[in-house]
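# Coordinate analysis (summary)
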Amino acid sequence: MMRTDRYLRLCFGEALRGLVGRRRAAASSVMIIALSLVVLGGFLLVSDNLNGLLHRWRERGHVQVFLEPGFTIPQQQAVADAIRESSEIDSFRFMSADEAATQFRNDFQELGDLLTFLEENPLPASFVITVRERSRNEAALLALAEIWETMPGVDAAQYDLEVIRRLELGVNGLRFVGMVLGGAVLIAAIITTANVIRVLVVARRREIIVLRLVGATESVVRGRFLAEGATQGFLGSVLALLILYAICRIGVSFVTAGGSPLLPLVELQFFNALLFAQLIGLGVTAGLIGALVAFGGADSLE
């Protein structure tokens, strides 16, 4: 029985020889595998970073209580006292309408000039509240918001989880779209890989027949082609990761240059061991499936 290390060296040595001999056809297979993984990996990378952003946003535990335009000082004081007396509150501060306008101009520099064209400042005064960690769940925040909304002088109370919940639906939808598109292109990659390897099988038809006549096992006969499919998938996944890295660096530069108000929460990252393993595994699996499909009719060569 052939040793495992010798068997693998033989299979992958023959696979590399086949790839070099038909590099144009193999290059098309590698490129299509890379394209499918870029599509799938791009959506997964974006959704993972957005999930991280939403997780950090959720951890802030912020609630904002907006006051009515005509609120009185006693009403403001009563709301402040009610917030201060709540055991769920970690800290809070009052933000006047002018301070809200200043913050809007700082956060949205492109839109900040619009406020100068308005006769009155449309932004209301509010209390910005940070809730204790133990109460940073939707039920507790909803109960607090309902209490404060009923107080005189309060127009509305809004907590971050309302926005986060909607954004999470969008992130999940984005991930689903990426999986559908990436899966469709991955099927095309499998078909392309199968066609490339089928050409190799036909070109080596006599060699395969001779190997079988001299008693070579089926694992030896098929192993080189399976190794070639796996190699194409591996090369495609590595190429996809390089492309994704370039795209990620461009994305980081774009977000940093944009000066987004969410920038303090954004920690865009590319390195993700699980994502790397998934993409490489998908690439190698696609190549192996393509090789199996291509060799499906190999029994007719006997």
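A short tour of the structure in this document, coming up. The model shown is predicted, which means the values in this text are computed figures rather than measured ones.

### A word on the overall build of the chain
- Each helix and strand in the chain was counted, giving nine helices and four strands.
- Its helices and strands in sequence order give the chain the pattern α-α-β-α-β-α-β-α-β-α-α-α-α, from N to C terminus.
- Across the 302 residues of the chain, 36% fall into the buried class.
- Considering only contacts within the chain whose residues lie at least 6 apart along the sequence, 83% involve residues at least 24 apart.
- If you sum the accessible surface of the chain, you get close to 17200 Å²; carbon and sulfur atoms cover 63% of it.

### Some details on the sheet that holds strand S3 (residues 126-131)
- Overall, antiparallel pairing links the four strands, which are arranged S2-S3-S1-S4 in an open sheet. The open sheet has two free edges, formed respectively by strand S2 (89-95) and strand S4 (154-159), since each of these has just one partner strand. Mean inter-strand twist for the sheet, computed between neighbouring axes without regard to direction, equals 15 degrees.

### With respect to the environment of Met-95
- By the secondary structure assignment, Met-95 is in strand S2.
- Note: C-alpha distance between Met-95 and Val-128 (33 residues apart in sequence) is 7.1 Å.
- Not counting chain neighbours up to four residues away, the residues in contact with Met-95 comprise Ala-100, Gln-103, Ala-125, Ser-126 and Val-128.

### Concerning the side chain of Ser-36
- With respect to the secondary-structure elements, Ser-36 resides in helix H2 (residues 23-60).
- Side-chain polar atoms of Ser-36 contact the backbone oxygen of Ile-33, separated by 2.7 Å.
- Once residues lying within four places of it in the same chain are set aside, the contact partners of Ser-36 are Gly-182, Val-185, Leu-186 and Ala-189.

### Looking at the packing of aromatic side chains
- Under the defined criterion, the tally for this structure stands at two aromatic pairs.
- Between Phe-92 and Phe-127, the aromatic rings sit 6.1 Å apart at their centres with planes inclined by 55 degrees, giving tilted as the arrangement. Here Phe-92, found in strand S2, pairs with Phe-127, found in strand S3; they are 35 residues apart in sequence, far enough to count as distant.
- The partly exposed category is assigned to Phe-92, whose relative accessible area is 26%.
- For Phe-127, a relative accessible area of 2% puts it in the buried group.
- Members of the aromatic cluster, connected to one another through ring pairs, are Phe-92, Phe-94 and Phe-127.

### A closer look at the nonpolar core
- Core analysis: the biggest nonpolar cluster contains 19 residues, and Val-63, Val-65, Val-79, Ile-83, Phe-127, Ile-129 and Trp-148 have the highest contact counts within it.
- Counting only elements with at least two residues in this core, the list comes to strand S1 (62-67), helix H3 (73-85), S3, helix H5 (138-149) and S4.
- The element that contributes the greatest number of residues to this core is H5, accounting for four residues.
- Look past the residues within four positions of Val-79 in its chain and what remains in contact with it is Val-65, Leu-67, Phe-127, Met-151, Pro-152 and Val-154.

### Points about helix H9 (residues 273-294)
- With 22 residues, H9 should cover 32 Å at 1.5 Å per step; its first-to-last C-alpha distance of 31 Å lies within 8% of that length.
- Considered for burial, the residues of H9 that qualify are Leu-275, Phe-276, Leu-279, Gly-283, Ala-286, Gly-287, Gly-290, Ala-291 and Ala-294. Considered in projection along H9, the buried side chains sweep an arc of 145 degrees and stay on one side of the axis.

### Topic: the environment of Leu-241
- One can find Leu-241 in helix H8 (residues 218-258).
- Here Leu-241 falls in the buried class, since its relative accessible area comes to 12%.
- For the pair Leu-241 and Gly-42, spaced 199 residues apart in the sequence, the C-alpha separation amounts to 9.6 Å.

Cut-offs and rules
Sequence order sets the numbering: in each chain, residues are counted from 1 along the sequence as written. With the structure being a predicted model, the display of local features is reserved for residues of pLDDT at least 70 and the display and counting of side-chain atom pairs for 80 or more, all residues being used for whole-chain, interface and lining totals. Values shown for side chains rest on all heavy atoms present in the structure; no hydrogens or waters enter the calculation. By the criteria applied, helices consist of DSSP H or I runs no shorter than four residues and strands consist of E runs no shorter than two, each listed in order from the N terminus. For every residue, the accessible area obtained with a 1.4 Å probe (protein chains only) is divided by the maximum for its type, and the residue is called buried under 20%, exposed over 50%, and partly exposed between those limits. Residues are treated as being in contact if the distance between any of their heavy atoms lies within 4.5 Å. Each accessible area is a Shrake-Rupley result for a 1.4 Å probe, and residues are judged covered by the shown protein chains and nothing else. At least two DSSP bridges between two strands are needed for those strands to be called paired. Lines fitted to C-alpha atoms define the axes, with helix axes restricted to the stretch in contact, and inter-axis angles between N-to-C directions lie between 0 and 180 degrees. Whenever two N or O atoms come within 3.5 Å, that pair is a polar contact, provided that in protein one can donate a hydrogen and the other can accept it, and provided that, for residues adjacent in sequence, both atoms are side-chain atoms. Aromatic rings from Phe, Tyr and Trp, taking only the six-membered ring of Trp, are treated as a pair when their centres fall within 6.5 Å; an angle between ring planes under 30 degrees marks them as stacked, one over 60 as edge-to-face, and anything in between as tilted. Only buried residues count toward a nonpolar core. Its members are Ala, Val, Leu, Ile, Met, Phe, Trp, Tyr and Cys residues joined through side-chain atoms within 4.5 Å. Each residue after the first adds 1.5 Å to the expected span of a helix. Regarding the arc, it is the one traced by the directions from the helix axis to the C-beta atoms.

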